Every structure is written in C-alpha cells, then in structure tokens.
Amino acid sequence: VGAAIVNGMGVGRSSEFLSQWFLDFVVGMHVYTYPINRDRVEFTLNRPSGFVVSEVVNRYSIRDLYSELENEVGLVTMDRCHSNAVYVAKKVSLDSIELCSIVREMLKCSSCSVLGLKDANAIAYQLVIVRGCRDIERHISYRRGGRAFDAYLWLCGKVDVIDLRNSFIVELRLQSQNSIDIIDKKIELLKNHGYNILNFFGYQRFGSRRPVTHIIGKKLVEKDWDGFIETLCGYPFPTESRDAIIARLQWYEDRGRGKLYPYSSIEKEICSKPIDNPLKVIKTIPRNMLQLYLNAYQSYLFNIVLSRIWINLIERYDLSDALGVIEREIPYIPVPGASTIGASAMVKSIIDEVLYTEGINLDDFCIKELNLCVYGDYRRSYMTVEDFRYSILANSIRLEFNLESSCYATVVLREILNADPLHYT
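Rules and cut-offs
Residues numbered from 1 in each chain as written. Predicted model: local features only at pLDDT ≥ 70, side-chain atom pairs only at ≥ 80, totals over all residues. Heavy atoms only, no water. Helix = DSSP H or I, 4+ residues; strand = E, 2+ residues; numbered from the N terminus. Expected span 1.5 Å × (residues − 1). Buried < 20%, exposed > 50% of the residue type's maximum accessible area, 1.4 Å probe, protein only. pLDDT = per-residue confidence, 0-100. Contact = heavy atoms within 4.5 Å. Phe/Tyr/Trp six-rings, centres within 6.5 Å; stacked < 30°, edge-to-face > 60°.

## Side note on helix 11 (residues 287-316)
Its 30 residues give helix 11 an end-to-end C-alpha distance of 44 Å, which sits within 8% of 44 Å, the value for a rise of 1.5 Å per residue. Counted residue by residue, helix 11 has 22 buried out of 30 residues, so it is predominantly covered.

Next up, the structure:
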C-alpha cells in the first residue's frame, strides 16, 4: 500500500525508510529520514504537561521572561500602550489563533497577531502583539475547562524580531528497559549524522486528530465550493472522538436548519447556515482563515515532494551520501503555489508529477472568485536539531532541544520513536 501511495514508485532499499502509519500518509510524510527500527517503543507522553514549548526571541527565552513578569511589578506606563503593545503569554491546551481571538476581545483591540502557531495540546510560551486596543491591563487571564492562558504586559510599541527559534522540553514515560535502549540507539544515530532530519510540515499543521485542513484547501483550489462546505462541516475522520464523529454525521441531516454546531468558531459560524449558495457562505469566512487552508494544502504538497525526493536519493546512495546531497545540492525546495519558479531538473520533475496526480495547475492557486492568491515559496529541505540534550531518570526520558522557527518538534519525536503519531501528537 505504501509503495502504491508513493505515486506508483517501486521501492527497494527505501522500504527500510517507509512509514507504516495511516496518519503519516494522510499528511504526505511517506518516509522517515533514518531506517526504521521495527521494535516497538512502549511509552506515554502526558499532554499538555509533558510537552513544553517556548519561543526564543533574539536569543532570549520567552519562558524566562514570563517568569520575570509574573514575579515582578511591571514598570510599563500603560497609557502609551493603546496603539501597540506586546504581551508575554503562557497558554495551556489552547491554539494560538483562539488565544489571539480571546485577547483581542478582552482588550477591545483592532488586531492581534502572534509570531508563530504553537501546538495546542501543550504548555506554550509566546509573544502576543496587539494594536489599537481600548483596554490595556498589566495581567489578563482566561480559564475554561482545561483550556487556559495568562498574559503579562511586556512593552509598549513594536518588537523588532531579528532571530526567532523555539525551545522544547518533552518528557516521555517509558515502560521497559528495551524501550530506553531503542531510543538511546536512535539518538546516537541522529548524533552521528549531525542531528539532521527531513524538514516536513508537522501534524499540527493539518490537525493531528482530524487532519483535513489541506483537503479543505484543495477544495478551494479546485473551486469545489460544495466540497469545501462538506469537508469543513461533515467528513468525519476515524481518529476523531466518538462525539465529534456523531456530530458530523448529524450535520448531513441538519445542515441549513440553523442548528448550532459545537466546535470551532469557524464551524459554528458556517455549518449552521443554509448552503443554497456555498460560494456566498465561503466569502463570509475571514480571508486569513481561507489562506490558512490554502497554505495547508501547499504544505501537504511540499511533504509529498520531499518524500519523493528522499526515496529517489535513498535508492541511489547510502544514508550519509543521501544526506550530503540534500545538504549541498537541495538545501531548499519549492513550496508549490502560484508563480513557483526555480528548481533542479529532478525536483521540477517530481513537482510536475505530483501536480499531475493531484489534478491541479499552479495557476489554480489564484482564485479570482475569492480575490485570493497564494504564491509559491521555498522551505529548507532539512532541519538541524540544535542543543540536543537528554537525560534518563528511572523509567522516564527528558528531551531538550531547539529548532529554527517553522520546524516541528513532532517531526523530531517521529524520528526518535517510530511510533503511531496519535500517541505523541
């Protein structure tokens, strides 16, 4: 099945690198960077407490800054903060978009932005940038069920970001000495190759329990307006909760009757509307959300292209030489979109094949009906895990490492664990 999914390519030696997990294939991550150890690692990752991420802005830890602001009386004159202000937030089990939405409503701001989207099912420290606020408070907080955040005012005006990275602390509880030994050997393998890993877009880019944002994006590219609404509101996914699956199945019977949909704000707003004119409904969705769906589809295409490149290389070279080719000759590859240009003959050929299989053209990323166009970009083909440290205590292992902005910690965990992504996302 895996070989067939990888665009019909026969796989020989590369079968050692081919994923066996359903979720990997759904989001285009067909391969691992390193050969798979088929021995099972038995572990638990308690989220959100066992997964902590902090921005590192201009080499300063936002987690440390949060602790300073939490324990000291702020000296910022709030009168100067209404036009522009920066908060330092600690969020728990809350996605970054919802965090910004709540902050904006609390402070009556004209806009709110973040430097990057952080894993929702985690403890995350990040900057929140607000503009045009009517109310400014030194400390704001939110609690609803297990979802929460606290944010402290840091400064007025704009923050100049010269360097942005993310630091991670992940604690795994291991259930056997054999599991510890397997992880220890895999980390040693990564160390011997400079901690370099294929730079896939991670699971949270698509939704780890319902990875359909890229499918929604493709519906836009195809101008399949009915399909867009159906995928957003219905289309139950097997890895969702039972209640979510039931609610989505119920939508097929209740759509257009004004029944409140019990999920995200976009779904609540769209899925209870009559859908006689789906394009008209889609036009009510904020432009930035539509762009996120299109970007997710671009990310999916990138993952497939990178998988295909790696299969091509690993069939021709040993592991060290294949990594060398990636680093020297293909350090960046295109993220397909409108006006995508510049690629080696091999990469261009793979992109053309993927687009043909998908049944789309690059021009399709400009959608005149929505006055929306997403352009191609470039992304590093590999990431280097920085400052990697780990310690083993009794039956648990603590991993600490840094990544450049836009790299995903779950992709690092994927390489180390070779386990079902549902167990660590």
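From this point, the discussion proceeds with the structure in view.
## Considering the environment of Asp160
Tracing the sequence through the fold places Asp160 in the loop between strand 8 (147-156) and strand 9 (164-174). Of the residues examined, Asp160 reaches a relative accessible area of 61% and is grouped as exposed. Distance from Asp160 to Asn58, taken between C-alpha atoms, is 8.7 Å for residues 102 residues apart in sequence.

## A word on the confidence of the model for the protein
Overall, the predicted model of the protein reaches an average pLDDT of 90, with 95% of residues at or above 70. Low pLDDT, under 50, characterises residues 1-10; the stretch is placed with 18 contacts to residues that sit more than four places away or in other chains.

## Considering the side chain of Glu415
Locating Glu415 in the fold gives a position in helix 14 (residues 409-417). Contacts of Glu415, omitting those with residues within four sequence positions, involve Tyr32, Thr33, Tyr34, Lys186 and Ile197.

## Section: the packing of aromatic side chains
A full pass over the atoms with the stated rule returns 16 aromatic pairs. Ring centres 6.0 Å apart and planes at 25 degrees place the aromatic pair Tyr297 and Phe365 in the stacked group. With Tyr297 in helix 11 and Phe365 in the loop between helix 13 (345-358) and strand 12 (366-367), this pair connects stretches of sequence that are 68 residues apart. In terms of burial, Tyr297 and Phe365 fall into one category: buried.

## Overview of unusual backbone geometry
Negative phi values dominate among residues other than glycine, just as trans dominates among peptide bonds. A cis amide bond links Arg47 with the next residue in sequence, Pro48, at an omega value of 5 degrees. Despite not being glycine, Ser406 shows a phi value in the positive range, around 85 degrees. Inspection of the secondary structure assignment puts Ser406 in the loop between strand 17 (396-404) and helix 14. Among the residues examined, Ser406 registers a relative accessible area of 43% and is labelled partly exposed. At Asn418, a residue that is not glycine, the phi angle is positive and equals roughly 50 degrees. The exposure class of Asn418 is buried, given its relative accessible area of 9%.

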